[in-house]
Amino acid sequence: MCRHIAYLGNSLSLADLLIAPAFGLFRQSWAPRQQQYGAINADGFGAGWYAEDDVVPARYRRAVPIWADRSFADVARVSRSHCILAAVRSATETMAPDESAAAPFSSGPWLFSHNGRVNGWPGSVKHLAAGLPASRLLEMEAPVDSALLWALVLERLERGEEPGNALGQTAADASAAAGGRYNFLLTDGHRIAATACGDTLFWRAGPDGVAVASEPFDDGPGWRSVPENTILTAAGGEVALRPLPAPWKDSA
Ligand code: GLN
């Protein structure tokens, strides 16, 4: 199920982060090495990044496989940022294949990605969305599980919750209500928050920056695996891990 990555650090091009590495997101779209669910990630892709002088990120998303979009390779070569979040998608069965369903989802300064699935979709919506204002549902970018999860996370962020908590509580609640897999990535251009809940997640911190990714993009040293049911937060070169709040159910 999907592969995603977030980076925060010294400015680099999207191509340096996503295309150039031997096992980067570009290659992960057809040859992921650690993907447990689904085989390839050809149902669209997206990247979001920040210009130095703007808090609202740019997004580039398409419904085609990342390798089929020549224009992306060109844009990626000349677009640089200190913070990038990108994903390649393997759509869950019955979910819309459109560009609007490809991560990252966004609102204001935020970029969000979900690697996983809500079980029992769409019947399980009633368990997840209870209590969510109707306006949030109407603002969903696409009628897919990831967009609903983003609505739930955004509701918490706009209530002032710390990003790691907003992700962790949403993953815990959704997992208890519906079962499924809830690996999230979130950034506002200054910090990264992520969850490992049902799928692989790794991080690497170095003098240049921090990367958090579904799987390592090279065989270099320093990659660490994030234990299952964990919240990761990264800011200012520091990475912290803490357990997901209860209640959560084992992913299925
Ligand atoms: N369920 C989400 C979708 O359909 C995410 C899929 C994934 O992680 N492979 O887009």
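The name given to the chain in an unreviewed UniProt entry is Gamma-glutamyl-hercynylcysteine sulfoxide hydrolase, with Pseudarthrobacter enclensis as the source organism. Under the UniProt heading Function (unreviewed entry), the entry covering the chain gives this text: "Catalyzes the hydrolysis of the gamma-glutamyl amide bond of hercynyl-gamma-L-glutamyl-L-cysteine sulfoxide to produce hercynylcysteine sulfoxide, a step in the biosynthesis pathway of ergothioneine." Under the heading Catalytic activity (unreviewed entry), UniProt records this for the chain: "gamma-L-glutamyl-hercynylcysteine S-oxide + H2O = S-(hercyn-2-yl)-L-cysteine S-oxide + L-glutamate".

K.L.:
Describe a nonpolar patch on the surface, naming the residues involved and giving the relevant values.
P.N.:
A cluster of nonpolar side chains, contributed by W30, I40 and W67, occupies part of the molecular surface with about 300 Å² of accessible area. Checked against the element boundaries, I40 lands in the loop between α2 (25-28) and β2 (45-49). In this structure I40 comes out as partly exposed when scored by relative accessible area, which is 40%.

K.L.:
Mind laying out the site of the ligand, listing which residues take part and the relevant values?
P.N.:
C2, R89, S90, T92 and G116 are the nearest of the 12 residues found near the ligand. Across the complex, the protein chains shield 99% of the 290 Å² of accessible surface that the ligand would expose by itself. Mapped onto the shell around the ligand, the elements with two or more residues apiece are β6 (110-118) and α6 (145-158). For the shell around the ligand, the element with the highest residue contribution is β6, accounting for three residues. Looking at the shell around the ligand residue by residue, the classes come out as four nonpolar, six polar and two charged.

K.L.:
A description of the nonpolar core should follow, citing residues and the corresponding values.
P.N.:
Counting residues in hydrophobic clusters, the biggest one holds 36 residues, and the most contacted among them are F112, L149, W150 and Y182. Counting residues per element, the ones that place at least two in this core are β6, α4 (125-129), α6, α7 (163-178) and β7 (180-187). The element that contributes the greatest number of residues to this core is α6, accounting for nine residues. Apart from the residues lying within four places of it in its own chain, the contact partners of F112 are L85, A103, P104, F105, S146, L149, W150, V153, L167, F184, L185 and L186.

K.L.:
Quick one: what's the story with the pairing of β6, residue by residue and with numbers?
P.N.:
Burial within β6 is extensive, with nine of its nine residues counted as buried. As defined by bridge partners, strand β5 (residues 105-107) adjoins β6 across three bridges and the pair is classed as antiparallel. Across the sheet, residue F105 finds its bridge partner in β6, namely F112. The antiparallel pairing of β5 with β6 creates a hairpin that spans two residues between the two strands, and G108 there sits at a positive phi of about 55°. Two strands pair when backbone bridges link them, and β6 and β7 are joined in this way by eight bridges, in the antiparallel orientation.

K.L.:
Before we move on, could you go through the packing of α6 against α7 and cite the residues and values that matter?
P.N.:
Axis separation between α6 and α7 bottoms out at 9 Å; the angle between their running directions is 135°. The pairing of α6 with α7 is recorded here as oblique in orientation. Taken as a pair, α6 and α7 cross one another with a handedness that is right-handed. Across from L149, L152, V153, R156 and L157 in α6, the residues of α7 making contact are P163, A166, L167, Q169, T170, D173 and A174. Broken down by class, the residue content of the contact of α6 with α7 amounts to eight nonpolar, two polar and two charged.

Rules of the game
- Residues numbered from 1 in each chain as written.
- Predicted model: local features only at pLDDT ≥ 70, side-chain atom pairs only at ≥ 80, totals over all residues.
- Heavy atoms only, no water.
- UniProt positions renumbered as here; feature names shortened; annotations may be inferred.
- Patch = residues over 30% accessible without salt bridge, like charges linked within 9 Å, V, L, I, M, F, W, Y side chains within 5 Å.
- Areas by Shrake-Rupley, 256 points an atom, 1.4 Å probe, with all protein chains shown as cover.
- Salt bridge = Lys/Arg side-chain N within 4 Å of Asp/Glu carboxyl O.
- Helix = DSSP H or I, 4+ residues; strand = E, 2+ residues; numbered from the N terminus.
- Buried < 20%, exposed > 50% of the residue type's maximum accessible area, 1.4 Å probe, protein only.
- Near = heavy atom within 4 Å.
- Nonpolar A, V, L, I, M, F, W, Y, C, P; charged D, E, K, R; others polar.
- Core = buried A, V, L, I, M, F, W, Y, C linked by side-chain atoms within 4.5 Å.
- Contact = heavy atoms within 4.5 Å.
- Pairing = 2+ DSSP bridges.
- Axes fitted to C-alpha atoms, helices over the stretch in contact; angles between N-to-C directions.
- Parallel < 35°, antiparallel > 145°, perpendicular 65-115°, else oblique.
- Left-handed = near helix turned anticlockwise from the far one by under 90°.

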